[in-house]
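Structural features, examined
In case you want the letters, here they are:
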Amino acid sequence: MLRLKLATDPRWAELVEGNIQDVLTDHAYCEQKAASSAISLIIRYPDLTELVQEMTALAREEMEHFQRVHNIIIQKGFTLGKERKDHYVNQLATFIRKDGHNPHLLIDRLLFAAMIEARSCERFRVLSENLKEKELAEFYRELMASEAGHYTLFIKFGS
Ligand SMILES: [Fe+2]
Ligand SMILES: [Fe+2]
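Here the structure is a predicted model, which is why all the values come from computation and not from measurement. (Residues numbered from 1 in each chain as written. Chains lettered and ligands numbered in written order. Predicted model: local features only at pLDDT ≥ 70, side-chain atom pairs only at ≥ 80, totals over all residues. Heavy atoms only, no water.)

Digging into the overall build of the protein
A count of helical and extended segments in the protein gives six helices and zero strands. In the protein, the order of α-helices and β-strands from amino to carboxyl end is α-α-α-α-α-α. Taken over C-alpha atoms, the radius of gyration comes to 16 Å for the protein, in line with the 15 Å a tight globule of 159 residues would show. A principal-axis box enclosing the C-alpha atoms of the protein has dimensions of 45 × 30 × 25 Å. Across the 159 residues of the protein, 42% fall into the buried class. A separation of at least 24 residues holds for 77% of the contacts in the protein among residues at least 6 apart in sequence. For the protein, the exposed surface amounts to about 9,700 Å²; the carbon and sulfur share of it is 57%. Treating the 21 positive side-chain charges of the protein as one cloud and the 24 negative ones as another, the clouds have centres 5 Å apart. (Helix = DSSP H or I, 4+ residues; strand = E, 2+ residues; numbered from the N terminus. Rg over C-alpha atoms; globule rule 2.2 N^0.38 Å. Buried < 20%, exposed > 50% of the residue type's maximum accessible area, 1.4 Å probe, protein only. Contact = heavy atoms within 4.5 Å. Areas by Shrake-Rupley, 256 points an atom, 1.4 Å probe, with all protein chains shown as cover. Lys, Arg positive; Asp, Glu negative; His and termini not counted. Charge placed at Lys NZ, Arg CZ, Asp CG, Glu CD.)

Here it is in structure tokens:
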């Protein structure tokens, strides 16, 4: 369904367990960036009423995810910490056409968002199936389902 060419190696979950603080920080910022990009679509395409409505709901949901990840960070005795460079997202963003007046720009942005949602969904599945900490595994199962819904939403607007 997600049409990803490469699957994440399940052993990645072990690396996550050994590095949970950094992973939670990166995850929290991914949620914040998902909310920010939904807001920037609203600002760029104010006349696309259905898109504005859906992006409003999405921005709220992504910020709720952010808050839940932040709550886990606090529970574990950590603080959010600084955002780190996200090479994957930065590389992917280079495929978005730079010409602001290009009629295909919206499609590029929607597909870019869909790909990020697809990879999050796939990674959350790996975490939900492999993390030993039950509560965290359950949390990722729930997020996996909502990221799958976001992927579908962006594909719907992009097609
Ligand atoms: Fe999310
Ligand atoms: Fe999402």
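Considering the coordination of the iron ion (ligand 1)
Coordination of the iron ion (ligand 1) by the protein is provided by E31 (OE), E62 (OE), H65 (ND1) and E147 (OE), with metal-donor distances spanning 2.0 to 2.3 Å. One way to put it: the four donor atoms around the iron ion (ligand 1) meet at angles of 87 to 141°, and that makes the site irregular. In this structure, the iron ion (ligand 1) lies 3.4 Å away from the iron ion (ligand 2), the two metals sharing E62 as a donor. With E62 and H65 both in helix α3 (residues 49-75), this residue pair falls three residues apart, about one helical turn. Accessibility assignment for this pair places E62 and H65 in one class, buried. (Donors = N, O, S within 2.8 Å, 3.2 Å for Na, K, Ca; no water. Tetrahedral: all angles 85-135°; square planar, octahedral: opposite > 155°, others 65-115°.)

Details of the coordination of the iron ion (ligand 2)
Within the protein, the iron ion (ligand 2) binds to E62 (OE), E117 (OE), E117 (OE), E147 (OE) and H150 (ND1); these donor distances fall in the range 1.9 to 2.5 Å. Motif for the iron ion (ligand 2), donor spacing along one chain: E-x54-E-x29-E-x2-H. The exposure class of H150 is buried, given its relative accessible area of 5%.

Brief notes about the environment of K156
Examined against the element boundaries, K156 turns out to sit in helix α6 (residues 134-158). Taking the C-alpha atoms as reference, K156 lies 25 Å from H27; in sequence the two are 129 residues apart. Other than its neighbours up to four places away in sequence, K156 contacts E50 and E54.

Examining the pattern of salt bridges
Counted according to the given criterion, the structure contains 13 salt bridges. With a closest N to O distance of 3.2 Å, E83 and K33 form a salt bridge. Here E83, found in the loop between α3 and α4 (87-93), pairs with K33, found in helix α2 (residues 20-44); they are 50 residues apart in sequence, far enough to count as distant. Its salt-bridge partner being K156, residue E54 comes within 3.8 Å of it at the nearest N-O pair. Of the two residues, E54 is situated in helix α3 and K156 in helix α6; the sequence distance between them amounts to 102 residues. On the accessibility criterion, E54 (27% relative accessible area) is partly exposed. For K156, a relative accessible area of 43% gives the class partly exposed. (Salt bridge = Lys/Arg side-chain N within 4 Å of Asp/Glu carboxyl O.)

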